[in-house]
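# Fold and contact review
Listed below, chain by chain, are the residues.
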Amino acid sequence: MKKVPLALDLDPEAETEEGVSPEASSHDRLLQAARVLFAQQGYENTTTSAISRRAGTSESQLIKHFGSKEGLLEAIFDQGWKRMEGGLREVLSREGRPVDRLHAVTGLLIDAFERDPELRTLMLLEGRRIRRHGHMVILTRGFLKLVGVVDEVLREMREAGQIRPDLSVDAVRSALIGAIEGLLRDQLLAERGSYPARYDGAELRRVFQALLEGLLSSSRTAL
């Protein structure tokens, strides 16, 4: 699978030893503090008072900027997806076969998670849970934009006869995104010593390539 350089560096900004930049605004300090605490302690175990204290601000500022702890988690996800937008636009503008653009999109997603362990932990372990207000915060604007990009590429592949005609494009997209999430999530659990998923990034990409090949039309050209 081809790797695509990210349009924006996903490495965190310069931070203090507490993980929060003292030069940032209260909005950004809250985001930085929440990323660290949610990833280390889990969303449910992290209080708004702990986030505010780490950020060097007040809970009233947290409510002002994000509305609630759930709103703060959603903002972290939106920030993460926004950092990928430039790379997604670059992928869609490429000439060539749509299947190559699909490889580039999935490579962009995998690379982003590999380069940002905190975001990977939050999206894969916290994102799918239904929160107090009854919605899954993973379904943010940024995530839905990624879904739209994948759908656009898959429709091009269908028109080019590269996807098996008996398969639903929506189902193919769900299978591909679910496969990436599952592979990355199990890898993360294995790193924490709680799951038997001993494979590296190269092996992950090979397995995903094999899954993709199974969804393609038998009349396709060689990948």
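Here's what I pulled together on the structure shown here. It should be emphasised that the depicted structure is a prediction, and the values quoted were computed from it without experimental measurement. (Residues numbered from 1 in each chain as written. Predicted model: local features only at pLDDT ≥ 70, side-chain atom pairs only at ≥ 80, totals over all residues. Heavy atoms only, no water.)

### Focus on the nonpolar core
Threshold: Buried Ala, Val, Leu, Ile, Met, Phe, Trp, Tyr and Cys residues form a nonpolar core when they are joined through side-chain atoms within 4.5 Å. Each residue is placed in one exposure class: buried if its accessible area under a 1.4 Å probe, protein chains only, is under 20% of its type's maximum, exposed if it is over 50%, and partly exposed if it falls in between. Two residues qualify as a contact provided that any one of their heavy atoms is within 4.5 Å of a heavy atom in the partner residue.
Core analysis: the largest hydrophobic core is formed by 60 residues, its most contacted members being I51 and L154. Aside from chain neighbours lying at most four places away, what touches I51 is L30, A33, A34, L37, F38, T46, L62 and L72.

### Some words on the pattern of salt bridges
Under the convention used in this document: Any Lys or Arg side-chain nitrogen located within 4 Å of an Asp or Glu carboxyl oxygen qualifies as a salt bridge.
Inspection of the entire model under this criterion finds 15 salt bridges. We note a salt bridge from E90 to R94, for which the minimum N-O separation is 3.3 Å. R94 gets classed as partly exposed once you look at its relative accessible area, which sits at 28%. Between R97 and D100 there is a salt bridge whose closest N-O contact spans 3.1 Å. Take D100: its relative accessible area is 22%, and that puts it in the partly exposed class.

### Some words on the packing of helix α1 (residues 26-41) against helix α7 (residues 117-125)
Keep this limit in mind: Think of each axis as a best-fit line through the C-alpha atoms, taken over the contacting stretch in the case of a helix, with angles from 0 to 180 degrees between the N-to-C directions. Where helices and strands are cited, they refer to DSSP runs of H or I of at least four residues and of E of at least two residues respectively, numbered from the N terminus. The cut-offs work like this: below 35 degrees is roughly parallel, past 145 is roughly antiparallel, 65 to 115 is roughly perpendicular, and the gaps in between are oblique. In this scheme, a crossing is called left-handed if the near helix is turned counterclockwise away from the far one by less than a right angle; it is called right-handed if the turn is clockwise.
At their nearest, the axes of α1 and α7 sit 9 Å apart, and the two run at 60 degrees to each other. It follows that α1 is oblique to α7 by the angle criterion. Here the hand of the crossing between α1 and α7 comes out left-handed. Seen from α1, the contacting residues are R35, V36, F38 and A39; seen from α7, they are E118, L119, T121 and L122.

### As for the packing of aromatic side chains
This is how it is decided: Each Phe, Tyr or Trp ring (for Trp, its six-membered ring) is paired with any other whose centre lies within 6.5 Å, and the angle between the two planes then decides the class: stacked below 30 degrees, edge-to-face above 60, tilted in between. Comment: the charge-over-ring label is applied if NZ (Lys) or CZ (Arg) is within 6 Å of the ring centre and within 35 degrees of the ring normal.
Under the defined criterion, the tally for this structure stands at two aromatic pairs. Taken together, a centroid distance of 5.2 Å and an interplanar angle of 50 degrees make the contact between F38 and Y43 tilted. For the pair F38 and Y43, a shared accessibility class is recorded, and that class is buried. Ring geometry for W81 and F143: centres 5.6 Å apart, planes at 50 degrees, overall tilted. Note that W81 is positioned in helix α4 (residues 69-82) and F143 in helix α8 (residues 141-159), a separation of 62 residues in sequence. The class of W81 is buried, set by a relative accessible area of 5%. Classification of F143 as buried rests on a relative accessible area of 6%. When the ring centre of Y43 is taken as reference, the NZ or CZ atom of K69 above it lies at 4.3 Å.

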